[in-house]
Amino acid sequence: MTDDAQPLQPTEPAPAEAAPIEAAPAEAAPAELATTPAQTEPAQTEPEPTPGKPRRLPVTDVSLVVLIGTSGAGKSSFARKHFLPTQVISSDFCRGLVADDENDQSASTEAFALLHHIVGMRLAAGRLTVVDATNVQPEARKQLVRIARDHDVLPIAIVLDVPPGVCAERNRTRPDRQLPAHVIPRQHRELRRSLRGLEREGFRKVHILRGEAEVTAAEIVPEKRFNDLRHLTGPFDIVGDIHGCRSELETLLTRLGYGLTRDAEGRAVDAAHPQGRTAVFVGDLVDRGPDTPGVLRLVMGMVAAGHAVCVPGNHENKLGRAMDGRKVTVSHGLQESLDQLAGESEEFRAEVRAFMHGLVSHYLLDGGALVVCHAGLPEKYHGRASGRVRSHALYGDTTGETDEYGLPVRYPWAEEYRGRALVVYGHTPVPVASFLNNTICLDTGCVFGGSLTALRYPERELVSVEAEQEWYAPVRPMITDAPGSREGRPLDLADVAGRRVVETALHGRVAVREENAAAALEVMSRFAIDPRLLAYLPPTMAPSATSRRPGYLEHPEEAFFAYRQDGVRQVLCEEKHMGSRAVVLVARGEGALEKRFGIAGPGAIWTRTGRAFLGDDALTAAVLDRLRAAAERSGLFEELGTGWLLLDAELMPWSLKAAELLRRQYAAVGAAAGAALPAVLSALEQAAGRGLDLAGLTARQRQRAADAQAFTEAYRRYCWPTEGLSGIRLAPFQVLAAEGANLAVRPHDVHLGWIDRLVAADDPQAPILHGTGRLLVDTADEASIAAGVAWWEELTAAGGEGMVVKPLASLVRGKAGEGRPGGLVQPGVKVRGREYLRIIYGPDYTEYLDQLRQRFLGHKRSLALREYALGLEALDRLAAGEPLWRVHEPVFAVLALESEPVDPRL
């Protein structure tokens, strides 16, 4: 939200926040509300000017300026002189819009309705807005003040108190406006009656210009909001709630690289970072802990030296009021602070009061990309100034209910946050700090025996120190229903029902249609594995572009050319296995999954739709045990520093999962052809023996028989008997995630290197782990492309399904240009063999290649990219320790997208 009138002069932030423009709703009781002298005393009218000296009128960059004056006072001329034309909303102009006549007083009701609408739209967008109308009647001003309050901006009054005779003379010179003689005197009387009450009406600044000379000499001085520190770009170290834990604060600052400065008595009074980093404190410095004065002394010293900035917490607000002698409820650790401060000097206590009174509710930093406040702040409040904004910044919002401990139930605003700025806050203790919708709560309950946490910005790195002890017993445990904790809250039907939009870091907003969500809900609720384990579903994969080569529907050259067009030089060709896609979660030990997934066990294996892959729990455990042993022997657990691994794999044979499908669909086709076509050929041969010319028809049926035989041979390659582990092959090709890490974005050769180690570490006597053949191809090298084509031909000639071509770097964004929009590049395209495609398109599909080449790949490609982005989003949230419902959101969306109508053969 920037000023669009004229450049602002950089100024130091004011010592206190602008006064609220309406009473803020209290979180628990009105007595706890933020009230400091700077926020409660009435707005001040400008002092009388010095004769001959121009009047400087401060105007906040985002505010509603209401011009007040009789007709002919010069309001429109004043507005044209000092503001941009787009900033000025005139009642005359609005009257002209609705009536084609700016002087048609009969259209005033509609005109002012339009004016109020436009003003509201501009204020919602954070733009300085000036209302040019007489505004001499209290009712007219009341509506404008209400609009300013609705949008949490300051209303500013500029009064042009020009003698009525001057105004009448000006109106007489305007042929388009001839007012009755009584109008201007009446307006002037109303104006004079209003002057003393403008502050009470809610105007936070009142500038009164008396006479033509003052109006002419006036100068508008744009000023920044007190919470606007966008010019500070960091880097920052943002520290969570301290609550008097001075020793832990010193330890944390030292770990962050700050050098402490101590006074003659050895007390820390400042801390500076050698690289010029700035500390930012989210409030609640005081109460409950062992050394509130020590924390205040250090933080105040850092702020005074320019090494830190600080926003208030609700505990500073309450302590400041108590120190001012106001009546407050002494609870939640306030008595400890009062007792500790009683041992300090009066001078120090005065400094503490001044410091707390000067704290601003929240700050915009780093060009507006970072917002720091105590209890969190929705985007609509960023940079705004009102009692409502301050209340939310101090206390957050509540549902109006209380929990079993008698404490207010907080409204989960962060779950709905979709803003551009990162919001960093505290207030609600969480076991572990984690990102949620571009927000993060840093209150990790140090005073309750948890830890003191800081966020390095822009690095987004968390640094914590453990509490030295439990300094204060919490009223309730550090519960997990706060945003960012492990479980967060139970899964809710409202999370997935109806039309949904999921925000992804890589592909923006991905929409899920209501009907697709319903289909996914049916599958997920009836057939899926325990949702606590269901951290990922693999995306669909698009085929390569349709080949024009005779006899081929798909060919590798199209895949190589497409990636070259996207600027991808190196691609990895991976053997496509003859099985079914499987996601495998394997635990290092029985309790390894408990911390992250909240459930013990060896792990799980599931399909692309979230169903348990193997119906036999004992067999599943046996496969997982073999994989766990290989990961242990290969050192992969140790190298990745994890107690579990999540892998993308193929589980073979295909008949292991699709036996019924093979019997009903594929074997039936082969059996029918095997029964019918020999009889047909026999009849044709007999007819030919009688002299009939049936050579063409006979050749056609012989080709059909050959195609049917090729079809049967193709699907049979994917079927073999299994008994227990015997015959099962697991071919992992990607390590998706480990504790605290999304590994899916690592280059594919790194993944295959890990997989090779797993395969080599398997039991050599009865191996079940299967490697993945691969070939690196340079898309700019014709010889390399030829080698890739030859490798594919070799694979498919041996009965293989084909290959998958992937960018070596894994996650790649394409270059825009030459008709290409840029954005995410396909993470992989499949190039299936000529014989394998008989299974997909039918035994005699080669007879209809011209028709099949008309397939439309756009929807399938779009689907593949959306599901890929959702999958990576789920892994990012899993790695960040976000709660189950947050991880589940993109996982569910992948399943929902699978029910979009798309040719299943693609």
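Read on for a plain summary of the structure. Since the model is a prediction, treat every value here as computed from it, not as a measurement. (Residues numbered from 1 in each chain as written. Predicted model: local features only at pLDDT ≥ 70, side-chain atom pairs only at ≥ 80, totals over all residues. Heavy atoms only, no water.)

Right, let's get into helix 3 (residues 91–99). For helix 3, every residue scored as buried is listed here: Ser 91, Asp 92, Cys 94, Arg 95 and Gly 96. Contacts made by the buried residues of helix 3 are with strand 4 (88–90), helix 4 (108–124) and strand 5 (129–132). Following helix 3 by one or two positions, Asp 100 adopts a phi angle in the positive range, close to 60°. (Buried < 20%, exposed > 50% of the residue type's maximum accessible area, 1.4 Å probe, protein only. Helix = DSSP H or I, 4+ residues; strand = E, 2+ residues; numbered from the N terminus. Contact = heavy atoms within 4.5 Å.)

What follows deals with the packing of aromatic side chains. A complete count under the given rule lists 6 aromatic pairs for this structure. With centroids separated by 5.0 Å and ring planes inclined at 75°, the aromatic side chains of Phe 597 and Trp 644 adopt a geometry described as edge-to-face. Highlighted residues: Phe 597 in helix 19 (residues 594–597) and Trp 644 in strand 30 (residues 644–652), separated in sequence by 47 residues. Assigned by exposure class, Phe 597 and Trp 644 land together as buried. Positioned over the ring face of Trp 720 is Arg 729, at 4.6 Å from the centre of the ring. (Phe/Tyr/Trp six-rings, centres within 6.5 Å; stacked < 30°, edge-to-face > 60°. Lys NZ or Arg CZ within 6 Å of the ring centre and 35° of its normal.)

Attention shifts here to the sheet that holds strand 10 (residues 236–239). Pairing within the open sheet is mixed, and its 5 strands lie in the order 14-13-10-22-23. For this open sheet the edge positions go to strand 14 (308–310) and strand 23 (461–466), each flanked by a neighbour on one side alone. Going from strand to strand, the sheet's axes swing by 20° on average, the running direction of each strand aside. Relative to strand 13 (residues 278–281), strand 10 is paired through 4 bridges, and the arrangement is parallel. If you follow Ile 238 over to strand 13, its bridge partner there is Val 280. Strands strand 10, strand 13, strand 22 (451–457) and strand 23 of the sheet are contacted by helix 10 (residues 246–255), whose axis makes an angle of about 140° with strand 23. Against the sheet, helix 11 (residues 292–304) makes contact with strand 13 and strand 14, and its axis sits at roughly 115° relative to strand 14, the strand it touches most. (Pairing = 2+ DSSP bridges. Axes fitted to C-alpha atoms, helices over the stretch in contact; angles between N-to-C directions.)

Moving on to the nonpolar core. Counting 46 residues, the largest nonpolar core has Phe 597, Trp 606 and Leu 646 as its most contacted members. Of all the elements in the fold, those that place two or more residues in this core are strand 25 (508–512), helix 17 (514–527), strand 28 (580–587), strand 29 (603–606), strand 30, strand 31 (729–738), helix 28 (858–879) and helix 29 (884–897). In terms of residue count, helix 28 provides more of this core than any other element does, 9 residues in total. Of all hydrophobic cores here, the second largest spans 41 residues; its members include Val 299, Val 352, Leu 359 and Ala 467. (Core = buried A, V, L, I, M, F, W, Y, C linked by side-chain atoms within 4.5 Å.)

What follows deals with the side chain of Gln 187. Along the chain, Gln 187 falls in helix 7 (residues 183–194). Here Gln 187 is in contact with Thr 70, Ser 71, Thr 134 and Val 136, once residues within four sequence places are set aside.

Moving on: the environment of Arg 388. Mapped onto the secondary structure, Arg 388 falls in helix 15 (residues 387–395). Given the relative accessible area of 24%, Arg 388 is considered partly exposed. A sequence separation of 236 residues divides Arg 388 from Asp 152, and the C-alpha atoms of the two residues are 7.6 Å apart. For Arg 388, the side chain forms a polar contact with the side chain of Asp 152, separated by 3.0 Å. (Polar contact = N/O pair within 3.5 Å; in protein donor to acceptor, adjacent residues only side chain to side chain.)

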